[in-house]
Amino acid sequence: MLKNIFGKSKKEKKSLKEQQNLSNNDLIPSHIAIIMDGNGRWAKKRALPRVAGHHEGMKTVRKIARCADDLGIKVLTLYAFSTENWKRPKSEVDYLMGLPEKFLKSFMPEIMERNIRVQMMGEKEALPTSTQTVLNEAMERTKNNSGLILNFAMNYGSRAEIVRAMKDIMVEVSKGNLNVDSIDESTITNYLMTSQLPEPDLLIRTSGEVRLSNFMLWQLAYTEFWFTDTLWPDFNEETLMEAIHAFQKRNRRYGGLKGEEIN
Ligand code: FPP
């Protein structure tokens, strides 16, 4: 059972791993990526408008960011808006575009106190100016913070990201700055929006859907996947710990064999 200790004082936080029965040998994933799904269904179950589900989902973001920070996770990437989400009704899109402002307005003091760095990945230029402004301000204000990286995928699509990387690489080749023969996997990795981040160790998708929905296709090549029926607004510290415990039981071999398996 998860003890209800998240979001407590810094002093108490220090022993969080210990209190969760995690020894130093228990591997805490460095980078967790989450496909936050099920806000609409959460709202529907309560006969509420879909945006009420997104609002509740935003509160879960705060809860999980705190918990990730308390656990010493280095990067938390959250799929907040995909390139496909523009197909939703304008009123819903407008609401989603306003969420970063709502979130950052109330959470920024704690972000600074916790030394969290806000980042985003996605086609920023296509976001409404007001959304771009709040995200830019948050990124600028937190750029020297050295704690948890809270990375929002906003207007993000993995295929578009790869296309953009290919084009950028081709430009460098055509300028003579890059030799085709020298292109390898690391070249591509370096041209993606995640070039400064480690690859995710653990991917979580909520709400019972079992697909990637164009999320980090390159970066998830060796990531452990964990799916839950829990709807994102109902996701909490306990569900996160369940995912982390499941991750710790996995045997990550990266296509090779572990020492004890080699005869
Ligand atoms: C998918 O659920 C969820 C989204 C498209 C939006 C996710 C956004 C948040 C959780 C809040 C983000 C917060 C910030 C601060 C940017 P869905 O609506 O498709 O759910 P459904 O499948 O049940 O309809």
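What counts, and where the lines are drawn
Residues numbered from 1 in each chain as written. Predicted model: local features only at pLDDT ≥ 70, side-chain atom pairs only at ≥ 80, totals over all residues. Heavy atoms only, no water. Helix = DSSP H or I, 4+ residues; strand = E, 2+ residues; numbered from the N terminus. Polar contact = N/O pair within 3.5 Å; in protein donor to acceptor, adjacent residues only side chain to side chain. Contact = heavy atoms within 4.5 Å. Expected span 1.5 Å × (residues − 1). Buried < 20%, exposed > 50% of the residue type's maximum accessible area, 1.4 Å probe, protein only. UniProt positions renumbered as here; feature names shortened; annotations may be inferred. 1 Å grid on protein atoms, 1.4 Å probe; cavity = no way out; pocket = protein on both sides within 12 Å on 5 of 7 lines; lining within 4 Å. Points joined across faces, edges and corners; volume = space filled by probe spheres on them. Nonpolar A, V, L, I, M, F, W, Y, C, P; charged D, E, K, R; others polar. Phe/Tyr/Trp six-rings, centres within 6.5 Å; stacked < 30°, edge-to-face > 60°. Axes fitted to C-alpha atoms, helices over the stretch in contact; angles between N-to-C directions. Parallel < 35°, antiparallel > 145°, perpendicular 65-115°, else oblique. Left-handed = near helix turned anticlockwise from the far one by under 90°.

### Considering the side chain of T228
- Here T228 shows up in the loop between β6 (224-227) and α9 (237-248).
- A distance of 3.0 Å separates a polar atom in the side chain of T228 from a polar atom in the side chain of T230.
- Apart from residues lying up to four places away in sequence, T228 is in contact with R205, T206, S207, G208, F235 and T239.

### As for α9
- Taking 1.5 Å as the rise per residue, α9 with 12 residues should run 16 Å; its terminal C-alpha atoms sit 16 Å apart, in good agreement.
- Those residues of α9 lying buried are E237, T239, L240, M241, A243, I244, A246 and F247.
- Where α9 is buried, its residues touch β1 (31-35), α4 (50-71), β5 (202-205) and β6.
- Where α9 begins, the side chain of N236 points an oxygen toward the backbone nitrogen of E238, at a separation of 3.0 Å.

### Thoughts on the UniProt feature "active site" (unreviewed entry) in the protein chain
- When the UniProt feature table is mapped onto this chain numbering, "active site" (unreviewed entry) sits at D37 and N85. Spatially, the listed residues are clustered: although they cover 49 residues, their C-alpha atoms lie within 12.2 Å of one another. Lining the largest pocket, from this annotated set, are D37 and N85.
- Relative to the helices and strands, D37 is located in the loop between β1 and α3 (39-45).
- Judged by relative accessible area, which is 17%, D37 ranks as buried.

### A few points about empty space enclosed by the protein
- Counted under the stated rule, the structure contains 1 cavity of 30 Å³ or more.
- Taken as a whole, the largest cavity encloses approximately 40 Å³ of empty space.
- In terms of lining residues, the largest cavity is bounded by T189, T194, L197, P198, E199, W218 and Q219.
- Taken together, the residues of the lining of the largest cavity sort by class into 3 nonpolar, 3 polar and 1 charged.

### Quick notes on the environment of Q219
- Position of Q219 among the secondary structure elements: in the loop between β5 and β6.
- Here the alpha-carbon distance between Q219 and P198, two residues 21 residues apart in the chain, equals 8.8 Å.
- Setting aside residues up to four positions removed in sequence, Q219 forms contacts with Y156, E161, L192, T194, E199 and P200.

### Notes on the side chain of S82
- Structurally, S82 can be placed in strand β2 (residues 75-82).
- For S82, a relative accessible area of 8% translates into the label buried.
- The contacts of S82, once residues within four sequence positions are left out, are N155 and Y156.

### Here's the deal with the packing of aromatic side chains
- All told, the structure shown has 8 aromatic pairs when counted by the stated rule.
- Their ring planes at 20 degrees and their centres at 4.2 Å tell us that Y79 and F215 sit as a pair that is stacked. With a gap of 136 residues between them, Y79 in strand β2 and F215 in the loop between β5 and β6 connect regions that are remote in the sequence.
- Classification of Y79 as buried rests on a relative accessible area of 8%.
- With 5.1 Å between their ring centres and 55 degrees between their planes, F103 and F107 make a pair best called tilted. Taken together, the residues span about one helical turn, with F103 and F107 both in helix α5 (residues 90-113) at a distance of 4 residues.
- Classification of F103 as buried rests on a relative accessible area of 4%.
- Given the relative accessible area of 1%, F107 is considered buried.
- Site record: aromatic cluster; members linked through ring pairs are Y79, Y156 and F215.

### What about the packing of α4 against α9?
- Running from amino to carboxyl end, α4 crosses α9 at an angle of 50 degrees, the nearest separation of the two axes being 10 Å. On the basis of their axis angle, the class for α4 and α9 is oblique. Between α4 and α9 lies a crossing of right-handed hand. Within the contact between the two elements, α4 uses K63, I64, C67, A68 and L71 and α9 uses E237, L240, M241 and I244.
- Among the residues making up the contact of α4 with α9, the classes are represented as 7 nonpolar, no polar and 2 charged.

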